[in-house]
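Below, each chain spelled out in residue letters.
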Amino acid sequence: MINISILGYGTIGSGVFQVLKENCQIIAERTGEEIKVKSILDLRDFPGDVAEGIIVHDFKEIDNDSSIQIVVETMGGLHPAYEFVKASLEKGRSVCTSNKALVAAFGPELLKIAEEKKCNFLFEASVGGGIPIIRPLKSSIAPDVVEQISGILNGTTNYILTEMTENGTDFETVLKDAQAKGYAEKDPTADIEGHDACRKIAILTSLAYGHQVDFEDIYTEGITKITNRDINYAKKLGAKIKIFGSSKKQGEKVSAMVAPGLVTATHPLYSVDGVFNAILVRGNMAGDIMFYGQGAGKLATASAVVSDIMEAAKHPGINIKTIWDDKKLELVPFEESTSKFFVRVSGTKAENEAKVSEEFGSVTPVDAGYADEYAFVTGEITEGAYIKAEEKLGNIINKIRFN
Ligand code: HSE
């Protein structure tokens, strides 16, 4: 029997408890051990709840309980999650977490402690909720050089963009509807500004290349500027607009970005709609591999956490090597990364055509029936060249990169 403690009895923590309870038999068979939740840390009491009798309010009770072998961190936030996780690893207890903020900020340090103490720091649920992506990156794709990762990593924004595309609804209305349905947080900033996806691509890129990518160093653009006109232009181009977290190997460096992008019907991520997430990984040997599923949700995310608990339980006293050190991965300077851009400028075609070709060279016009603006697609240019052209033109309404 393996005794575990759960830190935080919120949505994910209670989901972990439920998955372990409902699937206890197959989990025990597949692990070779029964897994027992001995204690749950939460500030609240849960009268009448199935877990009522094992709730504790002081982390010391768990820290001092020598029978605990695995600690599950589902509290969220950086502090005190970091302190509790660190203390647990230092005692040689494996830790399984769903906390992407913690992993993105302290991944290398916590992995190093786990290695020294011959235990494991596992975080499958921190990216893509129920989608297996961390373990495949660490093991299944391990023989390959990862050439590219491109992910729809946020369900809230994918839902909003899908609704805008399918129903012609504007951003603010869909956001309000998503909040009412519980798909979007009351404060949706982290999702709609791309911060959530940014932490996720930082984790995936760090794991793919073995060195630390600080999320603050990743250029991040949210979806708040996307309008129905943009969606209609995308349709004219046979494309959809989605927000991507992506990274790409360019020589010895890696480029990384979070931004809305256009994808046409032949792209594997084109059909990933609604709250679903998907991650496309290109290995230099395996080629394109796509992971698709629920990027959030209580039981889907809890299932990923439980898969880590089982992994930890199957490796007592053994550290499963994870290559991710604290040396900074060298990123391609943002100005040097290249894209093809869809651009809209105010004013008629006649007013803009000559100036646009002067700044962008040869472009392909796109007509979606708006006489008061001129839209076009550039060739592959650097971000630096785009910024210069934007400054010179001075009348750009919006731009979206092709993915
Ligand atoms: N808020 C996130 C999303 C879920 O909408 O995908 C947790 O990462």
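Residues numbered from 1 in each chain as written. Predicted model: local features only at pLDDT ≥ 70, side-chain atom pairs only at ≥ 80, totals over all residues. Heavy atoms only, no water.

Chemist: Residues and numbers for the site of the ligand, please.
Modeler: Taken together, Lys100, Asn154, Gly155, Thr156, Asp191, Asp196, Lys200 and Ala296 make up the full set of residues adjacent to the ligand. Between the ligand and Thr156, the relevant distance is 2.5 Å, taken from an oxygen atom to a side-chain nitrogen or oxygen of the residue. A distance of 3.0 Å separates a nitrogen atom of the ligand from a polar atom in the side chain of Asp191. Breaking the shell around the ligand down by element, the ones donating at least two residues are helix H7 (155-167) and helix H10 (195-209). Looking at the shell around the ligand residue by residue, the class counts come to 1 nonpolar, 3 polar and 4 charged. (Near = heavy atom within 4 Å. Polar contact = N/O pair within 3.5 Å; in protein donor to acceptor, adjacent residues only side chain to side chain. Helix = DSSP H or I, 4+ residues; strand = E, 2+ residues; numbered from the N terminus. Nonpolar A, V, L, I, M, F, W, Y, C, P; charged D, E, K, R; others polar.)

Chemist: Quick one: what's the story with the side chain of Glu124, residue by residue and with numbers?
Modeler: Within the secondary structure, Glu124 is located in the loop between strand E6 (121-122) and helix H6 (134-140). Despite being buried, Glu124 has no salt bridge partner; Arg135 is the closest side chain of opposite charge, sitting 4.5 Å away. Within the local environment of Glu124, its side chain forms a polar contact with the backbone nitrogen of Ile133, the two atoms lying 2.8 Å apart. Excluding residues within four positions of it along the chain, Glu124 makes contact with Thr97, Gly129, Ile131, Pro132, Ile133, Ile134, Arg135, Pro136, Ala304, Ser307 and Asp308. (Buried < 20%, exposed > 50% of the residue type's maximum accessible area, 1.4 Å probe, protein only. Lys, Arg positive; Asp, Glu negative; His and termini not counted. Salt bridge = Lys/Arg side-chain N within 4 Å of Asp/Glu carboxyl O. Contact = heavy atoms within 4.5 Å.)

Chemist: Quick one: what's the story with helix H8 (residues 171-180), residue by residue and with numbers?
Modeler: Where H8 is concerned, the buried positions are Phe171, Val174, Leu175 and Ala178. Down the axis of H8, the smallest arc covering the buried residues is 105°, so these residues share one side. Of the exposed residues in H8, the ones pointing more than 90 degrees away from its buried face are Lys176 and Ala180. For H8, the secondary structure elements touched by its buried residues are H7 and helix H9 (189-192). (Arc of directions from axis to C-beta.)

Chemist: Break down unusual backbone geometry for me, citing the residues and quoting the values.
Modeler: Cis geometry is adopted by the peptide bond preceding Pro80, which originates at His79 and carries an omega value of 15°. Its location among the elements puts Pro80 in the loop between strand E4 (68-73) and helix H4 (81-90). Phi is positive for Lys118, which is not a glycine, with a value near 55°. On the accessibility criterion, Lys118 (52% relative accessible area) is exposed.

Chemist: Give me the lowdown on the packing of aromatic side chains, citing residues and values where you can.
Modeler: Evaluation of the coordinates by the stated rule reveals 15 aromatic pairs. Both rings, one in Phe123 and one in Trp324, keep their centres 6.0 Å apart while their planes meet at 75°; by these two values the pair is edge-to-face. Of this pair, Phe123 sits in the loop between E6 and H6 while Trp324 sits in the loop between helix H12 (298-313) and strand E14 (325-328), and the two are 201 residues apart along the sequence. Ring geometry for Tyr374 and Phe376: centres 5.6 Å apart, planes at 35°, overall tilted. Above the face of the Phe123 ring, Lys138 is positioned so that its terminal group lies 6.0 Å from the ring centre. Stacked on the ring of Phe215, the Lys or Arg Arg199 has its end atom at 3.8 Å from the ring centre. (Phe/Tyr/Trp six-rings, centres within 6.5 Å; stacked < 30°, edge-to-face > 60°. Lys NZ or Arg CZ within 6 Å of the ring centre and 35° of its normal.)

Chemist: So what's going on with the environment of Val305? Which residues, and what values?
Modeler: Topologically, Val305 is positioned in helix H12. With relative accessibility at 0%, the residue Val305 sits in the buried group. When the C-alpha positions of Val305 and Gln250 are compared, they lie 33 Å apart, and in sequence the two are 55 residues distant. In this structure, Val305 is in contact with Ile12, Val16, Val72, Cys96, Ser98 and Ala125, ignoring residues within four places of it in sequence.

Chemist: Tell me about the pairing of strand E5 (residues 94-97), and please be specific about residues and values.
Modeler: Residues in a regular strand point their side chains to alternate faces of the sheet. Here E5 shows a buried face lined by Ser94 and Cys96 and a second buried face lined by Val95 and Thr97. As paired elements, E4 and E5 share 4 bridges and run parallel to each other. The residue of E5 that forms the bridge with Val72 is Cys96. For the segment spanning E4, H4 and E5, crossover handedness is right-handed. Here E5 pairs with E6 via 2 bridges, running parallel. The residue bridging Val95 from the neighbouring strand is Phe121, located in E6. With helix H5 (residues 100-116) bridging E5 and the parallel E6, this β-α-β connection has right-handed handedness. (Pairing = 2+ DSSP bridges. Right-handed = clockwise from strand over helix to strand, strands pointing away.)

Chemist: For the sheet that holds E6, give the residues involved together with the corresponding values.
Modeler: The 6 strands are arranged E3-E2-E1-E4-E5-E6 in an open sheet whose pairing can be described as parallel. The outermost strands of the open sheet, each flanked by one partner alone, are strand E3 (55-56) and E6. Here strand E1 (residues 2-7) pairs with E4 via 5 bridges, running parallel. Residue Leu7 lies in a different strand from E4, and its bridge partner there is Glu73.

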